[in-house]
Amino acid sequence: GSGDTALTQAEQVRKEIGVTGEIDLVLQGGDPAGSSAVKWLDSASRQAVTNSGGDLRALQSLPGFLAGFNQGSLPDEARTALILNRIPSYFSGAVIDPKNGMALSIFGLTHVTSVERDRALVSELNNLSANPPAGSRAFPAGLAVLAQQALVALQYDQLRLTALGIVLILLV
């Protein structure tokens, strides 16, 4: 049916660009370009890719962006400030939003995953987000996260309707 066509098209997109979707890890609050924030985001991002069993691929991140201008290693805070001040925001804007105090890592889904696998990936990012630097919060974001949240809400509503139906049957 049409589902087969959608899967075929998704696989074609994956072949063309190498990913089928995106999940972001957002770090918000405090100084998102501060040394502890950048180190935390770098570590959490590496762990996310490792724990994904090949389902996630790092695409862009603030730590990766900064390391790209510092011979491959994470810069200290002074060098970070220099990089962010000298590089136009249209380059850095994909991975840092200083006005809203946000930095992110962007991951690509390497293939079409099931709803259950998306849920597991989001859950893993939630686990990694549990201990952000002081004054910050971390959370997963993106279309896969929204889809997973919508599914949970639908399942909850379905459970409530089923319970209501049972109660009504018992009352009759």
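Whatever comes next refers back to the structure up there.
Residues numbered from 1 in each chain as written. Predicted model: local features only at pLDDT ≥ 70, side-chain atom pairs only at ≥ 80, totals over all residues. Heavy atoms only, no water.

Asks: Can you explain the side chain of Ser45? Please cite residues and give values.
Replies: Within the secondary structure layout, Ser45 lies in helix 2 (residues 35–51). Overall, the relative accessible area of 9% leaves Ser45 in the buried class. Only 2.6 Å separates the side chain of Ser45 from the backbone oxygen of Leu41, close enough to count as a polar contact. Those residues within four positions of Ser45 in sequence are excluded, and the remaining contacts are Ser105 and Phe107. (Helix = DSSP H or I, 4+ residues; strand = E, 2+ residues; numbered from the N terminus. Buried < 20%, exposed > 50% of the residue type's maximum accessible area, 1.4 Å probe, protein only. Polar contact = N/O pair within 3.5 Å; in protein donor to acceptor, adjacent residues only side chain to side chain. Contact = heavy atoms within 4.5 Å.)

Asks: I'd like a rundown of the packing of aromatic side chains, residues and numbers included.
Replies: Under the counting rule described, the total for this entry stands at two aromatic pairs. For the ring pair Phe65 and Phe69, a centre distance of 5.1 Å and an interplane angle of 65° mean the geometry is edge-to-face. Given the relative accessible area of 15%, Phe65 is considered buried. (Phe/Tyr/Trp six-rings, centres within 6.5 Å; stacked < 30°, edge-to-face > 60°.)

Asks: Quick one: what's the story with a nonpolar patch on the surface, residue by residue and with numbers?
Replies: A cluster of nonpolar side chains, namely Leu161, Leu164, Val167, Leu168 and Leu171, defines an oily patch on the protein surface of about 520 Å² accessible area. Relative to the helices and strands, Val167 is located in helix 7 (residues 143–171). On the accessibility criterion, Val167 (43% relative accessible area) is partly exposed. (Patch = residues over 30% accessible without salt bridge, like charges linked within 9 Å, V, L, I, M, F, W, Y side chains within 5 Å. Areas by Shrake-Rupley, 256 points an atom, 1.4 Å probe, with all protein chains shown as cover. Salt bridge = Lys/Arg side-chain N within 4 Å of Asp/Glu carboxyl O.)

Asks: Break down empty space enclosed by the protein for me, with residues and values.
Replies: In this approach the atoms are scanned with a rolling probe the size of a water molecule, which exposes any empty space left behind. Taken as a whole and judged by the stated rule, the model has one cavity of 30 Å³ or more. When its volume is computed, the largest cavity comes out at roughly 30 Å³. If you trace the largest cavity, you find it lined by Ala33, Gly34, Ser35, Val38, Lys39, Pro75 and Thr80. At three residues, helix 2 tops the list of elements feeding residues into the lining of the largest cavity. When the residues that make up the lining of the largest cavity are grouped by side-chain class, the tally is three nonpolar, three polar and one charged. (1 Å grid on protein atoms, 1.4 Å probe; cavity = no way out; pocket = protein on both sides within 12 Å on 5 of 7 lines; lining within 4 Å. Points joined across faces, edges and corners; volume = space filled by probe spheres on them. Nonpolar A, V, L, I, M, F, W, Y, C, P; charged D, E, K, R; others polar.)

Just distances and angles here, no functional claims.
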